[in-house]
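Architecture at a glance
One-letter residues, chain by chain:
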Amino acid sequence: MTDGRQKSVYAIAGAAAAAGLLALGLQTWYGSRKRGLFRQLRKQMLLDDAGLVLVRDDFCKQMVDGLAKDRPSSLLMIPSMVDIIPTGNERGEYLALDLGGTNFRCVYIKLGEGKGQIDDVKIEQCEIPEHHFTSPAQDLFAFMADRMVTFAKKLGFSRARDGERPVVGFCFSFPCEHISLNSGKLIRWTKKFANPGAVGNDPVQMLEEAFDKIDFPVDVDCMVNDTVGVLAAARYVDSSVMIGMILGTGTNACYVEKIDNVQKLQQTPRKRRRTMIINIEWGAFTSKTLPKLDFDRDLDASSTNPGAMQLEKLTSGMYLGEVTRRILLKFAEETGLFGGPVPTLQEEDALTTPDTSKIDHDSTFFGGPTADILRSELGLGHWQTFWDRQLVRDIVRLVAQRSSQLIAAGIAALLRQMERDGTFGPMERTVVAVDGGMFQHYRAFREELLSALERIMGVEAAHQIVLKHQQDGSSMGAVTMAGAAAPSQVGPD
């Protein structure tokens, strides 16, 4: 090889080595920036033990204020007027109608002779025609009553069996001012519903009138929302159930409170019970103790209800995927994640919570399931590296951890309010009944929730808390509540 050619080869090799070192240096620099930003984010989003206690304590304070007559609180603490709770001793056959979304359910249950025994269950889901979301309220209720009667007749219910009207429980998951166990006033429609003639009126009365018009009179003995239904359904089979919770697209909770503590009640509706289920509406919890960051504030500002539902926006299935997307966009813009800003990352709701749940459950070394989600939902093919996928998994877990910590702080506050957290005497076994896809399908979230409870309450006390999934809680709860509220079933407290 001539000297010229040799020098040329050396020059090329040297340039390649320099380029390699530069690439390695840039990768190390970008990696360092990414990890530095992640550590900063983790410190801001997650609460230490003292921070968890602060959230719990402010939650407790606002609960007490919400139960008072005229103190401001972000927690509505709505008296459900449900002061009769299933005991497992109810007997008979009952129907229920469950309205809470784009479908409604017709439900039948036969309660058995044994304590907490259910002999038969039948549930029929009915789709609501699009025009009935805006039709006059009486037309919507007439449609539901007609479908319910068809369902009941298939099961052998007549207009009056043995001279008695069929007993129906009503799960109506919309904001209501409850007047009694089976009466109230609709405050406002939510979701897709905008039926004129309902706001300010009694949903139970409208439903009973709809049945009367088709010559099938019924007794609607109770009206509950989905959260109260979850508690009631679980309480029928386990007397240790004291909290009902929804962890799904949205989040809410209710619990059993001493009526003497509910100062906002104008008068006690009945003298036969000493306790009442309180619907907290905890998704609206607002506090300076909540770990909110700039991307949370931006999400709130762009939502349909700015300034409202602060806890829900930090914890529920509707928002966790979007929170994750906003964080990934920040990393792409500031650290070069995925090679820089990705057009699909700038689209709202490009990632959903089911997507991030799958990523969180990815236990493979190379992150194949994560790669599939990033490819299918964000169009990221060759723009994602092994290290990018590791960081994405860490960010997803971080968002879930924050959510689980805040839900755990809320549970701890309820237990303290009920004097069941071990600070007022021996710790009692307490069951928290939970319905919703976040709890049912997101295993990593459940694990983080249990871990956070141990940090707030201590391991020994936390192990007395049982988180129990309650399938079809709203539907089952409406039926068991109908059984508990039936005149033949009501006994002493």
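So, a few notes on the structure that sits alongside this text. (Residues numbered from 1 in each chain as written. Predicted model: local features only at pLDDT ≥ 70, side-chain atom pairs only at ≥ 80, totals over all residues. Heavy atoms only, no water.)

**With respect to the environment of Val199**
Position of Val199 relative to the elements: it lies in the loop between strand E7 (183-186) and helix H4 (203-213). Taking relative accessible area as the criterion, Val199 reaches 48% and is therefore assigned partly exposed. With 13 residues separating them in the primary sequence, Val199 and Leu186 have C-alpha atoms 4.9 Å apart. When neighbours within four sequence positions are excluded, Val199 is seen to be in contact with Leu186, Ile187, Arg188 and Trp189. (Helix = DSSP H or I, 4+ residues; strand = E, 2+ residues; numbered from the N terminus. Buried < 20%, exposed > 50% of the residue type's maximum accessible area, 1.4 Å probe, protein only. Contact = heavy atoms within 4.5 Å.)

**A look at the pattern of salt bridges**
Under the defined criterion, the tally for this structure stands at 27 salt bridges. A salt bridge links Arg402 to Asp296; the nearest nitrogen and oxygen atoms lie 2.7 Å apart. Here Arg402 is found in helix H11 (residues 386-417), whereas its partner Asp296 is found in helix H6 (residues 294-302), with 106 residues between them in sequence. By relative accessible area, Arg402 is classed as buried at 1%. Given the relative accessible area of 6%, Asp296 is considered buried. Residue Glu428 pairs with Arg420 through a salt bridge whose shortest N-O separation is 3.5 Å. In this structure Glu428 comes out as partly exposed when scored by relative accessible area, which is 39%. With a relative accessible area of 12%, Arg420 lands in the buried category. Beyond isolated ion pairs, a larger network of salt bridges with shared partners links Glu322, Arg325, Arg326 and Glu348. (Salt bridge = Lys/Arg side-chain N within 4 Å of Asp/Glu carboxyl O.)

**Concerning the nonpolar core**
Within the largest apolar cluster, 122 residues are counted, with the highest numbers of intra-cluster contacts made by Tyr255, Trp282 and Ile411. Take this core: its biggest share by element is 16 residues, from H11. Apart from residues no more than four positions distant in its own chain, Ile411 is found in contact with Met245, Trp282, Val432, Leu449, Leu453 and Leu467. (Core = buried A, V, L, I, M, F, W, Y, C linked by side-chain atoms within 4.5 Å.)

**Focus on the side chain of Glu257**
Its location among the elements puts Glu257 in strand E10 (residues 251-258). Polar side-chain contacts of Glu257 include one of 2.9 Å to the side chain of Gln417. Excluding its chain neighbours within four sequence positions, the residues that come into contact with Glu257 are Leu67, Val262, Arg274, Thr275, Met276, Ile278 and Gln417. (Polar contact = N/O pair within 3.5 Å; in protein donor to acceptor, adjacent residues only side chain to side chain.)

**Quick notes on the packing of helix H9 (residues 353-360) against H11**
Running from amino to carboxyl end, H9 crosses H11 at an angle of 115°, the nearest separation of the two axes being 9 Å. Remark: the crossing between H9 and H11 carries left-handed chirality. Residue-level contacts link Thr356, Ile359 and Asp360 of H9 to Val392, Arg393, Val396, Arg397 and Ala400 of H11. Grouping the amino acids of the contact of H9 with H11 by side-chain chemistry returns 4 nonpolar, 1 polar and 3 charged. (Axes fitted to C-alpha atoms, helices over the stretch in contact; angles between N-to-C directions. Left-handed = near helix turned anticlockwise from the far one by under 90°. Nonpolar A, V, L, I, M, F, W, Y, C, P; charged D, E, K, R; others polar.)

**What about the environment of Leu414?**
Note on placement: Leu414 falls in helix H11. For Leu414, a relative accessible area of 0% translates into the label buried. In sequence terms Leu414 and Tyr255 are 159 residues apart; their C-alpha atoms lie 7.3 Å from each other. The residues touching Leu414, leaving out its near neighbours within four places in the chain, are Phe59, Met63, Ile243, Ala253, Tyr255, Ile280 and Trp282.

**A few points about the sheet that holds strand E3 (residues 103-111)**
Read from one edge of the open sheet, 5 strands run E4-E3-E2-E5-E8, paired in mixed fashion. Bordering the open sheet on either side are strand E4 (118-127) and strand E8 (219-224), each of which pairs with just one other strand. Going across the sheet, the axis of each strand differs from the next one's by a mean of 20°, ignoring polarity. When strand E5 (residues 167-172) meets E8, the two strands line up parallel, connected through 5 bridges. Across the sheet, the residue bridging to Phe170 is Met223, located in E8. Against the sheet, helix H15 (residues 473-485) contacts strand E2 (92-99), E3, E4, E5 and E8, and its axis sits at roughly 135° relative to E2. (Pairing = 2+ DSSP bridges.)

**Brief notes about H11**
Its 32 residues place the ends of H11 47 Å apart at the C-alpha level, agreeing with the 46 Å of an ideal helix rising 1.5 Å per residue. The buried fraction of H11 is high, at 27 of 32 residues. Among the residues trailing H11, Glu419 stands out with phi positive, at a value near 60°. (Expected span 1.5 Å × (residues − 1).)

**Some remarks on the pairing of E7**
Pairing analysis gives 4 bridges linking strand E6 (residues 176-180) to E7, with the strands arranged antiparallel. Each bridged residue has a counterpart across the sheet, and for Ser180 the counterpart in E7 is Ser183. Counted between consecutive antiparallel strands, the loop separating E6 from E7 contains 2 residues.

**A closer look at a nonpolar patch on the surface**
A contiguous nonpolar patch, built from Ile118, Val121 and Ile123 and spanning about 190 Å² of accessible area, is present on the exposed surface. The topology assignment puts Ile118 in strand E4. Taking relative accessible area as the criterion, Ile118 reaches 33% and is therefore assigned partly exposed. (Patch = residues over 30% accessible without salt bridge, like charges linked within 9 Å, V, L, I, M, F, W, Y side chains within 5 Å. Areas by Shrake-Rupley, 256 points an atom, 1.4 Å probe, with all protein chains shown as cover.)

**Some details on the packing of aromatic side chains**
For any pair of aromatic rings, the description consists of the separation of the ring centres together with the inter-plane angle of the planes. On inspection of all chains with the given rule, the structure shows 16 aromatic pairs. Geometrically, the ring pair formed by Phe141 and Phe170 is edge-to-face, given 6.5 Å between the ring centres and 80° between the ring planes. Residue Phe141 is found in helix H3 (residues 137-154), and its partner Phe170 is found in strand E5; the two are separated by 29 residues along the sequence. Phe170 shares its class with Phe141; the two are buried. Their ring planes at 90° and their centres at 4.9 Å tell us that Phe365 and Phe366 sit as a pair that is edge-to-face. Of the two residues, Phe365 and Phe366, neither departs from the other in class, the shared state being exposed. Feature note: the residues Phe133, Phe141, Phe170, Phe172, Phe174, Trp189 and Phe193 constitute an aromatic cluster, connected by ring pairs. The ring of Phe133 is capped by Lys192, whose NZ or CZ atom sits 4.4 Å from the centre of that ring. Sitting over the ring of Phe439, Arg446 keeps its end group 5.8 Å from the ring centre. (Phe/Tyr/Trp six-rings, centres within 6.5 Å; stacked < 30°, edge-to-face > 60°. Lys NZ or Arg CZ within 6 Å of the ring centre and 35° of its normal.)

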